[in-house]
Amino acid sequence: MNPIVEFCISNLANGSQETLEALEKDPNLDVLEYGCLSYCTKCMDSLYALVNGEIVEADTPAELTEKIYEFIEENPLF
């Protein structure tokens, strides 16, 4: 089972699209996008993604990508 990374389409428009595109190239991740993840205040304030159901936030797309991989490494599924 691969880690699941979920993005809100509004947050993609705010700048996390670059992160989504980078992560989609990784065959060891399941990357999904939704119309809304119901974290509107997070969505307005920062770039974020849900990783296995947990929020990971950053200020830039590169930082978000890095933090997602760090989170996955520190929180293995098994």
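- An unreviewed UniProt entry annotates the protein chain as YuzB family protein of Sporosarcina gallistercoris.

**Digging into the sheet that holds strand S3 (residues 47-51)**
And then number 1: In spatial order, the strands read S2-S1-S3-S4; together these four strands make up an open sheet with mixed pairing. Edge positions in the sheet fall to strand S2 (30-34) and strand S4 (54-58), since each has one partner strand and no second. Going from strand to strand, the sheet's axes swing by 30 degrees on average, the running direction of each strand aside.
And then number 2: Pairing analysis gives two bridges linking strand S1 (residues 4-8) to S3, with the strands arranged antiparallel. Bridging across to S3, Glu 6 finds its partner in Leu 50.
And then number 3: Contacts between helix H1 (residues 9-24) and the sheet are confined to S1, S2 and S3, with S1 contributing the most and set at about 150 degrees to the helix.
And then number 4: Against the sheet, helix H3 (residues 61-74) touches S1, S3 and S4, its axis set at about 145 degrees to S4.

**Quick look at a nonpolar patch on the surface**
And then number 1: Together, Met 1, Leu 77 and Phe 78 line one region of the surface with nonpolar side chains, adding up to about 430 Å² of accessible area.
And then number 2: Note on placement: Met 1 falls in the segment before S1.
And then number 3: Since its relative accessible area comes to 75%, Met 1 is described here as exposed.

**Brief notes about H1**
And then number 1: Taking 1.5 Å per residue, 16 residues should reach 22 Å; H1 reaches only 15 Å between its end C-alpha atoms and comes up short.
And then number 2: The set of residues buried in H1 consists of Asn 11, Leu 12, Ser 16, Thr 19, Leu 20 and Leu 23.
And then number 3: If you follow the buried residues of H1, they end up packed against S1, S2, helix H2 (40-45), S3 and H3.

**Some details on the pattern of salt bridges**
And then number 1: Inspection of every chain in the model, using the stated rule, returns two salt bridges.
And then number 2: One salt bridge connects Glu 57 with Lys 42, and the closest N-O pair in it is separated by 3.3 Å. Of the two residues, Glu 57 sits in strand S4 while Lys 42 sits in helix H2, which places them 15 residues apart along the sequence.
And then number 3: Between Lys 67 and Glu 63 there is a salt bridge; the shortest N-O distance is 3.4 Å. Of this pair, Lys 67 and Glu 63 are both found in helix H3, four residues apart, which corresponds to roughly one turn of the helix.
And then number 4: Residue classification places Glu 63 among the partly exposed residues on the basis of a relative accessible area of 27%.

**A word on the state of the cysteines**
And then number 1: All chains considered together, the criterion is met by zero disulfides.
And then number 2: With no disulfide of its own, Cys 40 lies 4.5 Å from the sulfur of Cys 36, the closest cysteine sulfur.
And then number 3: Free of any disulfide, Cys 43 has its nearest neighbouring cysteine sulfur in Cys 8, separated by 4.0 Å.

Definitions and limits used
- Residues numbered from 1 in each chain as written.
- Predicted model: local features only at pLDDT ≥ 70, side-chain atom pairs only at ≥ 80, totals over all residues.
- Heavy atoms only, no water.
- Pairing = 2+ DSSP bridges.
- Helix = DSSP H or I, 4+ residues; strand = E, 2+ residues; numbered from the N terminus.
- Axes fitted to C-alpha atoms, helices over the stretch in contact; angles between N-to-C directions.
- Contact = heavy atoms within 4.5 Å.
- Patch = residues over 30% accessible without salt bridge, like charges linked within 9 Å, V, L, I, M, F, W, Y side chains within 5 Å.
- Areas by Shrake-Rupley, 256 points an atom, 1.4 Å probe, with all protein chains shown as cover.
- Salt bridge = Lys/Arg side-chain N within 4 Å of Asp/Glu carboxyl O.
- Buried < 20%, exposed > 50% of the residue type's maximum accessible area, 1.4 Å probe, protein only.
- Expected span 1.5 Å × (residues − 1).
- Disulfide = S-S within 2.5 Å.

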